[in-house]
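# Coordinate analysis (summary)
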Amino acid sequence: MTDRGTDTVNRYWRGSTRVAAPSARPSRDPVPIGRAVEDVLPFLAAAAARSGTTVPDPRTPATTTCDRCGADAGWHRTVGGRWMLLDPGTWPTGTVPPGRRWRVAGDGTAVNIGGANPTDRCRISHFDVCPVNPPPSDSPLLLGLWRRNAERACPGPAAPAAH
């Protein structure tokens, strides 16, 4: 006699014991991006060795210059899977407004640290100091960096030549 109840959908009989059937799909539990990258790197390295190319280290950013102002910056993937352009260097956390503080984790992922300890250091998004955007008014540090980038993007008139 066959039991057709809903509890037997993924079960089969082994002797006198009911056992769960092996899953056809692997687990769908979330995996931290760092562990996923670590699991894939050996396969990428082997493929690169066969093709003669190199595999970039995920902890180092894809360095670039801003298309809008020409300033140096680095792309980092965020926890949510998006990309964030971070300015080089670190700054005291107390000088950067909460919500604009970023840290790069050991696996290269950019994490917004919000209101972290003011004695720590953090990174800032280039979008907060890009001179194409309006100047920031909530931090003297961000305003200073915005002005520095504006000066580099559109230098003032050259000083007269000395005689």
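Residues numbered from 1 in each chain as written. Predicted model: local features only at pLDDT ≥ 70, side-chain atom pairs only at ≥ 80, totals over all residues. Heavy atoms only, no water.

## Observations regarding the overall build of the protein chain
Filter applied, for reference: Here a strand is any run of E in DSSP of at least two residues, a helix any run of H or I of at least four, and the numbering for each starts at the N terminus. Think of it in three bands: with a 1.4 Å probe and only protein chains considered, a residue is buried below 20% of the maximum accessible area for its type, exposed above 50%, and partly exposed in between. Note on contacts: a residue pair is in contact if any heavy atoms of the two residues lie within 4.5 Å. Per-residue accessibility takes into account occlusion by the displayed protein chains alone, with areas from the Shrake-Rupley method and a 1.4 Å probe.
Within the protein chain, the secondary structure is distributed over two helices and nine strands. Counting helices and strands in the order they occur from the N terminus, the protein chain gives β-β-α-β-β-β-β-β-β-β-α. Relative to its full complement of 163 residues, the protein chain shows a buried share of 25%. Contacts in the protein chain between residues far apart in sequence, at least 24 positions, make up 43% of those at least 6 positions apart. Of the roughly 11,500 Å² of accessible surface on the protein chain, 58% is carried by carbon and sulfur atoms.

## Re the environment of Ala71
With respect to the element layout, Ala71 can be found in the loop between β3 (62-65) and β4 (72-77). In the structure, Ala71 is positioned 79 residues away from Ala150 in sequence and 9.3 Å away in space, judged by C-alpha atoms. Apart from residues lying up to four places away in sequence, Ala71 is in contact with Thr64, Thr65, Cys66, His126 and Asn149.

## A closer look at the packing of aromatic side chains
The condition that has to hold: Between 30 and 60 degrees the pair is tilted, below 30 it is stacked and above 60 it is edge-to-face, where a pair is any two Phe, Tyr or Trp rings, Trp via its six-membered ring, whose centres lie within 6.5 Å.
A complete count under the given rule lists one aromatic pair for this structure. Centroid distance Trp75 to Phe127: 6.3 Å. Interplanar angle 55 degrees. Geometry classified as tilted. One end of the pair, Trp75, is in strand β4; the other, Phe127, is in the loop between β9 (121-122) and α2 (140-153), with 52 residues separating them in the sequence. In this structure Trp75 comes out as partly exposed when scored by relative accessible area, which is 31%. Residue classification places Phe127 among the partly exposed residues on the basis of a relative accessible area of 33%.

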